[in-house]
Amino acid sequence: MLILDFLPNWRNGVTETREYLTNIMTAYDQTEQRAALRDKPRNTMAYTLLLHGADASRFDWLLTAAQAQVLLMPYWPMPFRLAADAANGARALQLDGDLPPWVVAGEQLAMVYGGRSSVPVTVQSVAGKTVNLVAPGLPGAWPKGAMVYPTWQVRAQDTLDFKRHTPTVSEASISLSRQISGAAAPVPASVADMTYDSLEVLTRDINWRDGQDVTMAWMTDLMDGQRGRTSYEVLSKAQQRTSSGSVLLDNLAKANWWQAFYDRHKGRRGVFYAPTRSRDLPLVKSPTPAKSVFAVAGTQFHALMQPGTTMLTHIMIKLQSQAHQLFKIASLEVDYVNDVTYIKTVEPWTQAYRPEQALTYYLASKCRLGSDTMTINWRAALIGETQIAVTTVGANW
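These figures come from a predicted structure and were not determined experimentally. (Residues numbered from 1 in each chain as written. Predicted model: local features only at pLDDT ≥ 70, side-chain atom pairs only at ≥ 80, totals over all residues. Heavy atoms only, no water.)

1. Section: the overall build of the protein chain
Of the regular secondary structure elements, the protein chain holds three helices and 28 strands. Dimensions of the protein chain along its principal axes, counting C-alpha atoms only, are 80 × 60 × 40 Å. Put simply, of all contacts in the protein chain between residues at least 6 apart along the chain, 72% involve residues at least 24 apart. Carbon together with sulfur atoms contributes 51% to the accessible area of the protein chain, which is approximately 19500 Å² in total. Here the protein chain contributes 38 positive and 34 negative side-chain charges, whose respective centroids are spaced 2 Å apart. (Helix = DSSP H or I, 4+ residues; strand = E, 2+ residues; numbered from the N terminus. Contact = heavy atoms within 4.5 Å. Areas by Shrake-Rupley, 256 points an atom, 1.4 Å probe, with all protein chains shown as cover. Lys, Arg positive; Asp, Glu negative; His and termini not counted. Charge placed at Lys NZ, Arg CZ, Asp CG, Glu CD.)

Take a look at the structure:
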C-alpha cells in the first residue's frame, strides 16, 4: 500500500474530525430518546501541502496513479522516534513513547526518515514502548531518531486541485477520509475519571482563555399572538442548557482521553454527569448545621430550584484533596431569619472542613454531548484544541 508521506504545512495546521450519528427522537413535551446509528465514527483529516522539487513531482505521480486507491496516511499529529538503531529484519522496535491505544495487532506503522523512501510495517503486538512486528520484520536498517507514525487507511477526495507556483513548487489542500473496516469497534482504552450512579462524571475543565458559551432554552408555543390576548403553552418540562468551551490537547494522554470520551458516549448518544462550571451556587457558612451544612445565600434559591422543576439536580464539589464528589439534592428549606436556603442532600458531607471551604462548587446535572462531531485543530504535533459542548437532559429522558 502506498504511503502518502508528504508532511503537512503546519503553518495552516491540520484539522481532524471524528463524527458519530445519533437519532434524537423528541416528544411533544421535549423529552428525548436517543439511538446511536453508528458504531464507529467517520474520520477525516484535512491539511495543506507545500511541495518542492522531487516531492512535487512524486506527489503528481502518486495522485496520477493512485488517487482512487486506498492509501496509507501517517497520523501526523502523533510522531514517534526510534529510541535505538534497528537492523534489517528486526522484529522489535523501541520507541520514545507509548503509541495511541487504537494501534493494535494488524495495524500498520509508517517508517519515515530523511531522503529515503518511507516503508510500512505491520504490528504484531504492542507492549509499552516496544512494538513487535510481523515477519519478515523491518525492511532495511533504520537509525535511532527515525520517525515512526501510526497510520490510517484513507481515500482522497474525488477532485483535488493544486497550484504550481513554479515548475518545481506546488501547493495543495487535501482532505482524506479514513476507511471503515468490518472489524468490531474497539473498546476505548482510556477510562472515566469518576463514576456516580453507574454514569461517568466529566470532571475535566475547559480552557478558560476563550471563556464559556452558554445557551438556555425553554420550548413554548404561542397560542394567539395576532388578535386578542396572547397565550403561551410551555412545552418543555424544564430549561435545557448547552455549555461549550475549548479544551487544550497539549500531550498524548489528553488527546487519547478526549477521543476515548467521545467514543465511550458515541457522540450524543451517551449520558453523563457534568457541572455548570459557573459559580452559580453561592455557598455560605450554614447558620444551622443540624439542618444542613449546605447553605445558599438568599431565599430565592428555594423558590426557583425546587427538585423536579430543574435539570440541575446535583452539587459537584472539588475537595481540598483535588478529588471530586457529587451530592444529589433531596430537598430545600428556606430560612427567612438568616436569609439562607438549606440544601438537603442524599449523600452526607464527611469532610473536616465546611463545604464553602472546598476548592470549587457548582450545580451539576445529567448531560449528553451537544454534537456528534469532534473537531480537533492540530496546531503542531501533539498540540491541538477542540470544542466540547454539553447539553443537559432530564433525569428520565
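2. Brief notes about the packing of aromatic side chains
Evaluation of the coordinates by the stated rule reveals 14 aromatic pairs. Ring centres 5.4 Å apart and planes at 40 degrees place the aromatic pair Y75 and W152 in the tilted group. Of this pair, Y75 sits in the loop between strand 5 (71-74) and strand 6 (80-81) while W152 sits in strand 11 (residues 147-156), placing them 77 residues apart in sequence. The exposure class of Y75 is buried, given its relative accessible area of 1%. Look at W152 and you get buried, because its relative accessible area is 1%. For the ring pair W258 and F261, a centre distance of 5.6 Å and an interplane angle of 75 degrees mean the geometry is edge-to-face. (Phe/Tyr/Trp six-rings, centres within 6.5 Å; stacked < 30°, edge-to-face > 60°. Buried < 20%, exposed > 50% of the residue type's maximum accessible area, 1.4 Å probe, protein only.)

3. What to know about the pattern of salt bridges
The tally for this structure, following the rule as stated, stands at 19 salt bridges. Two residues, E171 and R11, come together in a salt bridge whose shortest N-O distance is 3.8 Å. Here E171, found in strand 13 (residues 169-178), pairs with R11, found in the segment before strand 1 (14-19); they are 160 residues apart in sequence, far enough to count as distant. The class for E171 is partly exposed, based on a relative accessible area of 25%. Its salt-bridge partner being R34, residue E32 comes within 3.0 Å of it at the nearest N-O pair. Of the residues examined, E32 reaches a relative accessible area of 7% and is grouped as buried. With a relative accessible area of 8%, R34 lands in the buried category. One continuous salt-bridge network, built from bridges that share partners, spans R209, D210, R379 and E385. (Salt bridge = Lys/Arg side-chain N within 4 Å of Asp/Glu carboxyl O.)

4. Let's talk about the nonpolar core
Grouped together as the largest cluster of nonpolar side chains are 68 residues, with contacts concentrated most on Y47, L82, M111, L138 and W258. In this view, M111 contacts L82, L93, S118, V119, V121, L138, W142, M147 and V148; residues no more than four positions away in its chain are not counted. Counting 19 residues, the second largest nonpolar core, distinct from the first, contains L332, W349, Y353 and L363. (Core = buried A, V, L, I, M, F, W, Y, C linked by side-chain atoms within 4.5 Å.)

5. Quick notes on helix 1 (residues 53-66)
With 14 residues, helix 1 should cover 20 Å at 1.5 Å per step; its first-to-last C-alpha distance of 20 Å lies within 8% of that length. For helix 1, the full list of buried residues reads A56, F59, L62, L63 and A66. For helix 1, the angular spread of buried residues about the axis comes to 135 degrees, placing them on one side. Those residues of helix 1 that are exposed and angled more than 90 degrees off the buried face are A54, W61, T64 and A65. Check the buried side of helix 1 and you find it contacts strand 4 (42-52), strand 5, strand 12 (162-166) and strand 13. (Expected span 1.5 Å × (residues − 1). Arc of directions from axis to C-beta.)

6. Considering the environment of L176
Tracing the backbone shows L176 in strand 13. Residue class for L176 comes out buried when judged on its relative accessible area of 0%. Separated by 119 residues in sequence, L176 and S57 place their C-alpha atoms 20 Å apart. Discounting chain neighbours no more than four positions away, the residues touching L176 are L4, N43, T44, M45, Y47, M73, V154, R155 and A156.

7. Things to note about the pairing of strand 12
Looking at chain direction, strand 12 and strand 13 are connected through four bridges and run antiparallel. Paired with K163 across the bridge in strand 13 is E171. The turn linking strand 12 back onto strand 13 is made up of two residues. (Pairing = 2+ DSSP bridges.)

8. Some words on unusual backbone geometry
Put simply, A135 and P136 share a cis peptide bond, and its omega is 10 degrees. Here P136 shows up in the loop between strand 10 (130-133) and strand 11. Phi at S198 takes a positive value of approximately 70 degrees, unusual for a residue other than glycine. Structurally, S198 is set in the loop between strand 14 (195-196) and strand 15 (199-200).

9. A word on helix 2 (residues 252-265)
In an α-helix, one turn spans 3.6 residues; hence positions three or four apart end up facing the same way. Between its first and last C-alpha, helix 2 extends 20 Å over 14 residues, near the 20 Å set by a 1.5 Å rise per residue. By the criterion of burial, helix 2 is predominantly enclosed, with eleven of the 14 residues buried. Among the residues of helix 2, those classed as buried are L252, A255, N256, W257, W258, Q259, A260, F261, Y262, D263 and H265. The backbone nitrogen of A253 lies 3.1 Å from a side-chain oxygen of the residue at the head of helix 2, namely N251. Following helix 2 by one or two positions, K266 has its phi on the positive side, about 50 degrees. (Polar contact = N/O pair within 3.5 Å; in protein donor to acceptor, adjacent residues only side chain to side chain.)

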